[in-house]
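Listed below, chain by chain, are the residues.
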Amino acid sequence: PQVLFLSVSISTMLLVLVISLGNPAEYVDKESGAFNYDALKLVISDKIHKKRPFYIINIDMDELSKLRKQNGDKGVIKIYAQLRTFIAEKFAIDVFQLNHHSLTLIFNEHDEKNMEKNLKLIYERFHEPWEVNEHTKIHLNAHVDYVRVPKDTPFLSTDDVQSSTSQLLEFVEMCHTYSDEAEFVHRVNSQLLQNRNRQDVILKILKEAIRTNGIEMYYQPIWNVKEQKFSNCEALVRLKDDKTMGFISPEEFIPVAERNFLIMQLSSKIFENV
């Protein structure tokens, strides 16, 4: 009976392995050659579930879309290949793709000094040229978002692993928008977390404003010099929010609407009011 039980257990384990590895391409991005977003979610979920500290370095290449327009997909693929080779040689870890213009690295290091060395290596590599084709080399504008989990992520709940995974990946992806730093490395600090919390509040106010038509329109008259009269006006939108935050500049809530796919709904409300 013991032998039979062992054989069934091994067979079941092998079957699961075959099923999971049967189509590895499902978890690899064809262009970058890195593990895709689904693979990244699985790894992050596992680490949050185990409640072990880890570090995330997200390399965000700001000008990749411009490079694609100028040099085509082949140029982008070549950049990705060079970056993967660099990561393999220096760190020997897996590479993940968070979005179409960034690659994400996950470290299990417990030595902060060692992580500083890793960041320095990435910084130095991005100050060297990248080969786009046989005749062209370029310097690629980029920045790094550096997040220490759980030290930099007090907003995560270990009780809901799936929700925490989504929140963490969203935080990493949007980290540079919360940062006031202009350095190559964007580190999480108290100011960055305050900016994140503020944008969360603005998002809630914005959703409520769209739902209840909680916006106000102001019309700035435009003077026609030739006709010597006011000929038309510019419509300016404002959020009605006297209770939570008071005045919120459109320069602040419009980007929040755009990033959260609310800009079309907001635009419809604006047109209705006008």
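Just so we're clear, the structure is a prediction, and the values are computed from it rather than from any experiment.

Here is what the cut-offs are and how they apply
Residues numbered from 1 in each chain as written. Predicted model: local features only at pLDDT ≥ 70, side-chain atom pairs only at ≥ 80, totals over all residues. Heavy atoms only, no water. Phe/Tyr/Trp six-rings, centres within 6.5 Å; stacked < 30°, edge-to-face > 60°. Helix = DSSP H or I, 4+ residues; strand = E, 2+ residues; numbered from the N terminus. Buried < 20%, exposed > 50% of the residue type's maximum accessible area, 1.4 Å probe, protein only. Lys NZ or Arg CZ within 6 Å of the ring centre and 35° of its normal. Axes fitted to C-alpha atoms, helices over the stretch in contact; angles between N-to-C directions. Parallel < 35°, antiparallel > 145°, perpendicular 65-115°, else oblique. Contact = heavy atoms within 4.5 Å. Nonpolar A, V, L, I, M, F, W, Y, C, P; charged D, E, K, R; others polar. Left-handed = near helix turned anticlockwise from the far one by under 90°. Pairing = 2+ DSSP bridges. Polar contact = N/O pair within 3.5 Å; in protein donor to acceptor, adjacent residues only side chain to side chain. pLDDT = per-residue confidence, 0-100. Expected span 1.5 Å × (residues − 1). Arc of directions from axis to C-beta. Patch = residues over 30% accessible without salt bridge, like charges linked within 9 Å, V, L, I, M, F, W, Y side chains within 5 Å. Areas by Shrake-Rupley, 256 points an atom, 1.4 Å probe, with all protein chains shown as cover. Salt bridge = Lys/Arg side-chain N within 4 Å of Asp/Glu carboxyl O.

### Structural notes on the packing of aromatic side chains
Geometry of an aromatic ring pair is reported as the spacing of the ring centres plus the angle between the planes. Scanning the model with the defined rule gives 10 aromatic pairs in all. Considering the side-chain rings of F126 and F184, the 6.0 Å spacing of their centres and the 45° angle between planes classify their relative orientation as tilted. You can see F126 sitting in the loop between α4 (112–125) and β4 (130–133) and its partner F184 sitting in the loop between α5 (161–178) and β7 (185–187), a full 58 residues away along the chain. By relative accessible area, which is 4% here, F126 ends up buried. Judged by its relative accessible area of 12%, F184 falls in the buried class. Between F171 and Y178, the aromatic rings sit 6.1 Å apart at their centres with planes inclined by 20°, giving stacked as the arrangement. Judged by relative accessible area, F171 falls into the buried class, the value being 2%. Look at Y178 and you get buried, because its relative accessible area is 6%. Chaining the aromatic ring pairs together yields one cluster made of Y123, F126, W130 and F184. In this arrangement the basic side chain of R125 is found over the ring face of W130, its NZ or CZ atom lying 3.6 Å from the centre. Just above the ring of F155 sits the side chain of R196; from NZ or CZ to the centre is 3.8 Å.

### As for the packing of α5 against helix α6 (residues 190–212)
Running from amino to carboxyl end, α5 crosses α6 at an angle of 110°, the nearest separation of the two axes being 10 Å. On the basis of the axis angle, α5 is roughly perpendicular to α6. When α5 is examined against α6, the residues Q167, F171, C175, T177 and Y178 are found in contact with a partner set consisting of L192, L193, N195, R196 and Q199. Of the residues in the contact of α5 with α6, the class split is 5 nonpolar, 4 polar and 1 charged.

### Structural notes on the packing of helix α3 (residues 64–90) against α4
Where α3 meets α4, the axes come as close as 12 Å, and the angle between the chain directions of the two elements is 150°. Crossing handedness for the pair α3 and α4: right-handed. Contacts between α3 and α4 pair Q82, F86 and K90 from the former with L121, I122 and R125 from the latter. Of the residues contributing to the contact of α3 with α4, the split by class is 3 nonpolar, 1 polar and 2 charged.

### Some thoughts on the sheet that holds strand β2 (residues 96–99)
Two modes of strand pairing occur in sheets, parallel and antiparallel, and in both the strands are linked by backbone hydrogen bonds. Taken in spatial order, the 5 strands of this open sheet run β2-β3-β1-β6-β7, and their pairing is mixed. Every other strand in the sheet has two partners, leaving β2 and β7 as the edge strands with one partner each. Along the sheet, successive strands turn relative to each other by an average axial angle of 30°, direction set aside. The pairing of strand β1 (residues 54–60) with strand β3 (residues 102–107) spans 6 bridges and is classified as antiparallel. Its bridge partner lying in β3, Y55 is registered against F107. In the packing of α3 onto the sheet, contacts are made with β1, β2 and β3, and the angle to β3 comes to roughly 10°.

### A closer look at the side chain of N58
Turning to its location among the elements, N58 is positioned in strand β1. N58 sits in the buried class, given a relative accessible area of 0%. Within the structure, the side chain of N58 is placed 2.7 Å from the side chain of T104, a separation counted as a polar contact. Filtering out sequence-adjacent residues up to four positions away, N58 remains in contact with L98, S102, L103, T104, H143, V144, D145 and V172.

### Let's talk about the confidence of the model for the protein chain
As a note on interpretation, predicted positions should not be read in detail where pLDDT is low. Of the residues in the protein chain, 95% have a pLDDT of 70 or more, and the chain-wide mean is 88. Of all the helices and strands in the protein chain, helix α1 (residues 2–21) carries the lowest mean pLDDT, 70, while β1 carries the highest, 95.

### Observations regarding α4
Taking 1.5 Å per residue as the helical rise, α4 with its 14 residues ought to reach 20 Å, and the 20 Å between its terminal C-alpha atoms agrees with that figure. Where α4 is concerned, the buried positions are M115, N118, L119, I122 and R125. One side of α4 carries all its buried residues, which in axial view fall inside an arc of 125°. Exposed side of α4, more than 90 degrees from the buried face: K113, K117 and K120 are the residues found there. Next to the buried residues of α4 lie β1, α3, β3, β4, β6 (143–149) and β7.

### Regarding a nonpolar patch on the surface
Taken together, the side chains of I10, M13 and L14 present a nonpolar region at the surface, about 270 Å² in accessible area. Along the polypeptide, I10 turns up in helix α1. Classification of I10 by relative accessible area gives partly exposed; the value is 39%.

### Quick notes on unusual backbone geometry
With an omega of 5°, the peptide bond between V149 and P150 qualifies as cis. Following the sequence through the fold, P150 ends up in the loop between β6 and α5. For F261, which is not a glycine, the phi torsion comes out positive at approximately 60°. Judged by its relative accessible area of 73%, F261 is exposed.

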